[in-house]
Amino acid sequence: MTERHAHTVEKIGGTSMSRSRELLEPLFLHGGADPYNRVFVVSAYGGITDLLLEHKKSGEPGVYALFANAENDHGWSDALNRVAEAMKVAHREVLEAPGDIQEADDFVRERIEGARSCLIDLQRLCSYGHFRLDQHMGLIRELLSGLGEAHSAQATALLLRRAGVNARFVDLSGWRDEAEVSLEERIARGFEDIDLATELPVVTGYAQCSEGLMKHYDRGYSEVTFSRIAAATGAAEAIIHKEFHLSSADPRLVGLENVRKLGRTNYDVADQLSNMGMEAIHPSAAKTLRQAGIPLRVTNAFDPADPGTLIDEAPAEAPAVEIVTSLPVIALELFEPDMVGVKGYDASILEALTRHKVRIVAKSSNANAITHYVDASLKSVRRVEADLVRVHPSAEVTTRALAVVSAIGRDISGLRALGRGLLALDRAGLAPVAVSQGPRNVDIQFVMAREDADTAVKALHRALVEEADAQAPEATEESEIGAAAAPKLVA
């Protein structure tokens, strides 16, 4: 295990980065305390990566998607111009000094025009039959991704220097770097001469490396970089600053007065949250921190006085349901009367799901039916369905839009949470499609009709969190803090 030191490694997401000026005094300047012995890993400003790649939710094409579908037209070049303008707008929201703004403008121009030249040259090269554009698209995605983080990190360093902090822009994006290095080497080179006691590094969330971060983690790469830096430098703690506290449910559903800030949980719960599409941290990043023995703290960047939620390996002091959340899923069921006692059905289903990159949330089976609850588009699931019909022509393959509502905690043993949950749903007039609880006692999954998901979350939160708190002899300090939880649960 890497030797532990006194510094922290801290990650800031894109929405918070766009409000960097608000965070200058309470977060970056540490509220007047010593600003050093910290490393900041930053994401691109909000919306920039969507413009560079594609919109994360709507799928609207950005530079990457337009370039991938282009033949001879330069529509992607117009999109790159829009990125440049959006970058300038973003750093003008943060920087005030004319000299800083000019330096940031020059930085954007140099990076954008460099990327444009690269794409034009590649497009020209691939006009010859010997060169295939699709063989280079992974590298182009990496190149474009790095532009956003390099821009925000450089502008943040300018902001901090203007405020009197000895900030250093640490560019791990590999811009014009001819060397082919691993992620470990890239981080080591970036930090080799930094004195954390007297310098504040502002580091790009994207790191160019031989492994290819985008290939393995796509847009979760910044948290992977963050975790690897924490492990490589032996940080005392890793901190993620979000725009909200981790809370026991979405306050918009159950009411702000009813939610509880988690305060303390462990990596088991963090993994369950990831499975439910509510990443406190990317699962691969959590694995790195867990193996390095580094605790993770998730804070609300705009509530700096609150310690947030600590995630480590400590067991719960007492059994409790800590969070209730839901995720829309599609149930993919294969029914075959002749399945019983025959091997191979499960393997063929998993092979099809893997081939079409469909993520499994939960699974159930009996003698002649296997059901996977998946987080994917209907289009992807239809492709899997077609494959399975070809492989198993006598089977009946069906799909259904549902939701998984999960009650999660470090230890939910001895709470009779399954029975209490079913009773709460019955009182709310709801009937689950399926229910599952594993022997590890960290979660219970109630599969519901999709239109019933919100009502189910409210009923289960009331029964398993609110009423449990009311019955406790005395509220814990964490519960009392949590009563004033943040504006929303997760993005």
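Scroll up for the structure.
As a starting point, this report considers the structure included with it. (Residues numbered from 1 in each chain as written. Predicted model: local features only at pLDDT ≥ 70, side-chain atom pairs only at ≥ 80, totals over all residues. Heavy atoms only, no water.)

Take the pattern of salt bridges next. Summed over the entire model, instances satisfying the criterion amount to 33 salt bridges. A salt bridge links Arg168 to Asp193, with the nearest nitrogen and oxygen atoms 2.9 Å apart. Of the two residues, Arg168 sits in strand β3 (residues 167-170) while Asp193 sits in the loop between α8 (183-191) and β4 (200-204), which places them 25 residues apart along the sequence. For Arg168, a relative accessible area of 24% corresponds to the partly exposed category. Relative accessible area serves as the criterion here: at 52%, Asp193 is assigned to the exposed category. Through salt bridges with shared partners, a single network forms among Asp50, Glu54, Arg141, Asp218 and Arg219. (Salt bridge = Lys/Arg side-chain N within 4 Å of Asp/Glu carboxyl O. Helix = DSSP H or I, 4+ residues; strand = E, 2+ residues; numbered from the N terminus. Buried < 20%, exposed > 50% of the residue type's maximum accessible area, 1.4 Å probe, protein only.)

Further remarks concern the packing of helix α5 (residues 75-92) against helix α6 (residues 98-125). At a minimum axis distance of 10 Å, the contact between α5 and α6 shows a crossing angle of 165°. As judged from the angle between their axes, α5 and α6 are roughly antiparallel. Considering how the two elements wind past one another, α5 and α6 form a crossing that is right-handed. Residues Trp76, Ser77, Leu80, Asn81, Val83, Ala84, Met87, Lys88, His91 and Arg92 of α5 touch α6, and the partners they reach there are Ile101, Ala104, Asp105, Val108, Ile112, Arg116, Leu119, Ile120 and Gln123. For the contact of α5 with α6, the class distribution of residues is eleven nonpolar, four polar and four charged. (Axes fitted to C-alpha atoms, helices over the stretch in contact; angles between N-to-C directions. Parallel < 35°, antiparallel > 145°, perpendicular 65-115°, else oblique. Left-handed = near helix turned anticlockwise from the far one by under 90°. Contact = heavy atoms within 4.5 Å. Nonpolar A, V, L, I, M, F, W, Y, C, P; charged D, E, K, R; others polar.)

Our next topic: the sheet that holds strand β13 (residues 434-437). Spatially, β10-β11-β9-β12-β14-β13 is the arrangement adopted by the six strands of the open sheet, whose pairing is antiparallel. Either end of the sheet is taken by a strand with one partner, and the two such strands are β10 (359-365) and β13. Across the sheet, the axes of successive neighbouring strands diverge by a mean angle of 30°, strand direction being ignored. On the sheet, helix α16 (residues 417-427) packs against β13 and β14 (443-449) and is oriented at approximately 25° with respect to β14. (Pairing = 2+ DSSP bridges.)

Below, the discussion takes up helix α10 (residues 221-233). Relative to the 18 Å expected for 13 residues at 1.5 Å per residue, α10 spans 18 Å between its end C-alpha atoms, a close match to the ideal helical length. When you tally the buried positions in α10, you get eleven out of 13 residues, the bulk of the element. Within α10, the full set of buried residues consists of Tyr221, Ser222, Glu223, Val224, Thr225, Phe226, Ser227, Ile229, Ala230, Ala231 and Thr233. (Expected span 1.5 Å × (residues − 1).)

Right, let's talk about the pairing of strand β2 (residues 38-42) for a bit. A regular strand places its side chains so that they alternate between the two faces of the sheet. With five of five residues buried, β2 is to be regarded as a mostly interior element. Residues Arg38, Phe40 and Val42 of β2 are buried on one face, and the alternating residues Val39 and Val41, pointing to the opposite face, are buried as well. In this structure, strand β1 (residues 8-12) lies alongside β2, joined through five bridges in parallel fashion. Across the sheet, residue Ile12 finds its bridge partner in β2, namely Val42. Bridge analysis of β2 against β4 gives three bridges, and the strand direction is parallel. Bridge pairing in β4 links Val42 to Thr204.

Overall, mixed pairing links the eight strands, which are arranged β3-β4-β2-β1-β5-β7-β8-β6 in an open sheet. Of all strands in the sheet, those with a lone pairing partner are β3 and β6 (264-266), marking the two edges. The mean angle between the axes of side-by-side strands here comes to 25°, regardless of whether they run parallel or antiparallel. As defined by bridge partners, β3 adjoins β4 across four bridges and the pair is classed as parallel. In the strand pairing of β4, Phe169 is matched with Val202.

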